[in-house]
Protein chains: 2
Amino acid sequence: MTIVRVTTPGGDYPIHIEQGRLQHLSEAVPADATAIALVTNPVVLEHYGEPVRSALARTGKPVTEVILPDGEAHKTWQSLNKIFDQLLQVGLDRKSVLVAVGGGVIGDMGGFAAACYMRGIRFIQVPTTLLAQVDSSVGGKTAINHPLGKNMIGAFYQPISVQIDPAVLATLPPREISAGLAEVVKYGLIIDAEFFDWCESNAQALRRLDPEAITYAIRRSCELKARVVSLDERESGLRAILNLGHTFGHAIEAGLGYGQWLHGEAVGCGMVQAAELSAELLGLPRQDVDRVRRVVEAIGCPTEAPDLGYERWVELMGHDKKAEGGTLRFVLMSRIGDAQCLEVDPAALRPVLARTTAVAKGG
Amino acid sequence: MTIVRVTTPGGDYPIHIEQGRLQHLSEAVPADATAIALVTNPVVLEHYGEPVRSALARTGKPVTEVILPDGEAHKTWQSLNKIFDQLLQVGLDRKSVLVAVGGGVIGDMGGFAAACYMRGIRFIQVPTTLLAQVDSSVGGKTAINHPLGKNMIGAFYQPISVQIDPAVLATLPPREISAGLAEVVKYGLIIDAEFFDWCESNAQALRRLDPEAITYAIRRSCELKARVVSLDERESGLRAILNLGHTFGHAIEAGLGYGQWLHGEAVGCGMVQAAELSAELLGLPRQDVDRVRRVVEAIGCPTEAPDLGYERWVELMGHDKKAEGGTLRFVLMSRIGDAQCLEVDPAALRPVLARTTAVAKGG
């Protein structure tokens, strides 16, 4: 088993990564827990209900199942309240533990419920998508959506441990694997050139979920994200480099309508665009831009952005919530493995959009 | 101006105590705040709308007023969501500040809203009741009620400062002053015999809100609560002594129906009962029991509990949320100024109830 240790001012916890980890979930439940709340969704239960239930049953502790509807549309107060209602109905006390088994939506809601229930109970995160494993395992971000904005209501709340079973990825659609790999590649691009090299060489092994390759990729991603987050738990500065590709990506998602492209796909394409912009503004060598494009293609993500038109691009990027005061901020690279935030004059986008959009005549 | 500094693992902040402090609220708003959300209720606005509004206007920052209905019945998700809706509608960002002006309900909800809005914005607490000034100013407890339990959903979240203006107490009904003074006396009883002596000597000055006396009482209460809380931010042990009188008090409130007695009145009477039980079990001298009874009477709280009947008392105390596993836990004193938690055999309550209930033939 591989263990990544995450250190933050708000708490210290291990990430356990192991093929078949799901069967050993009972080991993660603290001996003094009075009860377990299993928060999950019907899709996860269909695939992994049996191993998860028997593992938790082995603790001998009472288990309450809270089954939430699947999908981002349900990351709402209503679902959150369903957790609270059920926990209070069965009388779970402050010494109970909440185990969230699922993708980012389940992790975000389960974590936020744990943060608020009786002002905070312990929380174990069991991410079952690649994106959740490499992204939301580290950072302590929990939230629900509000009709007026995504992730607007939430808390920074650290789990007591994260339990990752790479074997569960086998049931994911290939598009979701590719989308998750975009975030993996991202860590190399922003902070670890050597890991980027490794991703280049192992793109095919990663796509077919070779156990050794995917386990290493998850581990390294968690380590790298943990390094960034430990230096900046509450997002004052450095952590912003985790948003490489996201300003373009959000514009793609919003421009096409959410759900057309997966978030990771949009980020993958956005990284190619960010590389192009980095070449314009920071002198990133052209051959490195090409490397970024090739690896994004190799992991199965789109490298050509939709043609939204220059004005629409700028408008959508200005509305990105990471934007401050209407200026456009991008995460760019001076070289692979070294990212920084930059204020950018929108005019600099024209040549980049020309080179990266499907029909390059926008605006 | 008096400043009490509160140190907790979750944050450090000052409590400013000053007659007329409301007029100087602008000083409390950080220079880099982008906007202010004023969370309050119509009763507070009626009395103090003018000084609060002009003080906040002097910051030159945009102010959004969120006016919530008054009273514990409204400490709900609906009210909380009203805050979120309004803050998002006007587009308040992460650098805005929430200023909660009101009693415990406004403080609890405003604090919880600040804890969750965009995963946490800064929060200034301006308590306008004596109970809130001496109790909820310290400890970082925020919460809303759930239909299945009070304060079940919340967070530990520290304000950046607490602003206390003892002059605002002049508009409170005398019963609320007495109820607040019960908590003041409590701090002396649990941890500071000298302060208890001082309360005995100054009961009348406190009831008539003598500026010097009430300012000192608030300051000392905050200091003493801060001392307890700083040693135990998340309620693992020591902090439980803050519940002196509360096991009896909750039974009185629940037995008569919430709202009959004020919380502080029930706690005042509960402290007399706890003193009687302390005499039974820890040898608290009888003359000290009498001192407790006399001071509770002197501050204007009831010293005779309602006759609920022995079985009902035990049942109601067993349902106290601080009870663990159905046993009865009490905070008791071996001497004035020295409290501890104790598991108690319900039978020990019989003589105590006989001596402290209005018609002493219950059960």
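Anyway, here's the lowdown on the structure attached to this text. (Residues numbered from 1 in each chain as written. Chains lettered and ligands numbered in written order. Predicted model: local features only at pLDDT ≥ 70, side-chain atom pairs only at ≥ 80, totals over all residues. Heavy atoms only, no water.)

As for the nonpolar core
- Counting residues in hydrophobic clusters, the biggest one holds 96 residues, and the most contacted among them are Ile15(B), Phe248(B) and Leu349(B).
- Residue-level mapping places this core at the junction of two domains, with at least three residues from each of domain 1 (2–171) and domain 2 (183–361) of chain B.
- Not counting residues up to four positions away in its chain, the partners in contact with Ile15(B) are Thr2(B), Ile3(B), Val4(B), Val6(B), Ser137(B), Val138(B), Val162(B), Ile164(B) and Cys222(B).
- Residues Ile15(A), Ala33(A), Leu172(A) and Ile177(A) belong to the second largest nonpolar core, which totals 95 residues. (Core = buried A, V, L, I, M, F, W, Y, C linked by side-chain atoms within 4.5 Å. Buried < 20%, exposed > 50% of the residue type's maximum accessible area, 1.4 Å probe, protein only. Domains from an automatic or database assignment. Contact = heavy atoms within 4.5 Å.)

So, the packing of aromatic side chains
- One pass over the structure, following the stated rule, counts 13 aromatic pairs over all chains.
- Relative to Tyr216(B), the ring of Trp198(B) lies with its centre 4.7 Å away and its plane at 65°, an arrangement referred to as edge-to-face. You can see Trp198(B) sitting in helix α6 (residues 193–207) and its partner Tyr216(B) sitting in helix α7 (residues 211–230), a full 18 residues away along the chain.
- Look at Trp198(B) and you get partly exposed, because its relative accessible area is 21%.
- Plain terms: the ring middles of Phe248(B) and Phe330(B) are 5.0 Å apart, the flat faces sit at 40° to each other, and that makes the pair tilted. Taken as a pair, Phe248(B) in helix α8 (residues 246–256) and Phe330(B) in strand β10 (residues 328–335) lie far apart in primary sequence, 82 residues in all. Like Phe330(B), Phe248(B) is buried.
- Here a set of aromatic residues connected by ring pairs shows up, and it is made of Trp77(A), Phe84(A), Trp77(B) and Phe84(B).
- Geometry around Tyr187(A) places Lys186(A) over its ring, the cationic atom sitting 4.9 Å from the centre. (Phe/Tyr/Trp six-rings, centres within 6.5 Å; stacked < 30°, edge-to-face > 60°. Helix = DSSP H or I, 4+ residues; strand = E, 2+ residues; numbered from the N terminus. Lys NZ or Arg CZ within 6 Å of the ring centre and 35° of its normal.)

Observations regarding the relation of the copies chain A and chain B
- Rotating chain A by 180° and translating it 0.0 Å along the rotation axis places it on chain B, where the RMSD comes to 0.0 Å. Taken together, the rotation angle and the small translation identify this as a two-fold axis.
- Take the interface residues of chain A: 100% of them recur as interface residues in chain B, which is what a same-surface contact looks like. (Least-squares fit on C-alpha atoms with pLDDT ≥ 70 in both.)

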